[in-house]
Amino acid sequence: MRLMKSDEKELIHLRPVERESGYIGTVTELSEVGTLRGMVNPVTDKLSAELYGTRVLGMVSVTLLSGNPVRNGDILRFSGTDYKVLSIAHYQSHDIITVTAERVNTDGA
């Protein structure tokens, strides 16, 4: 697989962080970790279709170079939509990150 600069998209990397609530318990907020550049493609493989069913229609696969700070549960914002990281497959020169297109409510409502 070739990673072409012309195919790269900019992604905003967010991580859920818990902080003390002003009322009771804790509140989860998204804090920006930084920006990443990677290739974004729809998920089309049969294994993902078996695992996720019809949810696969709203999923994308993000290819990043190895050594990125992304973890499972992080949020990647691309084209105004937030995607939650479901799985990361590590390879020698790059990482494949599968994220779901289920919208994450970031406005606190």
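The shown structure was predicted, so the numbers you read here are calculated from the model rather than taken from an experiment.

Engineer: Before we go on, may I ask you to explain the side chain of Glu8 in this structure?
Structural biologist: For Glu8, the position within the fold is in the segment before strand S1 (9–20). Classification of Glu8 by relative accessible area gives buried; the value is 16%. Polar contacts involving the side chain of Glu8 include one to the side chain of Arg37, which spans 3.3 Å. Those residues in contact with Glu8 that sit more than four places away from it in its chain are Arg37 and Gly38.

Engineer: For this particular structure, what's the right way to read unusual backbone geometry?
Structural biologist: Most peptide bonds are trans, and most residues other than glycine sit at a negative phi. Positive phi, normally seen in glycine, also occurs at Ser79, with a value near 55°. The class of Ser79 is exposed, set by a relative accessible area of 64%.

Quick notes on the rules
- Positions within a chain are numbered from 1, following the residues in the order the chain's sequence is written.
- A pLDDT threshold of at least 70 governs which residues receive local features in this predicted model, and a stricter bar of 80 or more applies before side-chain atom pairs are shown or counted, although totals over entire chains, interfaces and linings include all residues.
- In computing side-chain properties, one takes all heavy atoms of the structure into account and sets aside hydrogens as well as water.
- Put simply, DSSP H or I for four residues or longer makes a helix, DSSP E for two residues or longer makes a strand, and each gets a number counted from the N terminus.
- Residue exposure (1.4 Å probe, protein chains only): buried if accessible area is under 20% of the type maximum, exposed if over 50%, otherwise partly exposed.
- Polar contact criterion, stated in full: a pair of N or O atoms within 3.5 Å, where within protein one must be able to donate a hydrogen and the other to accept it, and residues adjacent in sequence count only if both atoms are side-chain atoms.
- Two residues form a contact once any of their heavy atoms are found within 4.5 Å.

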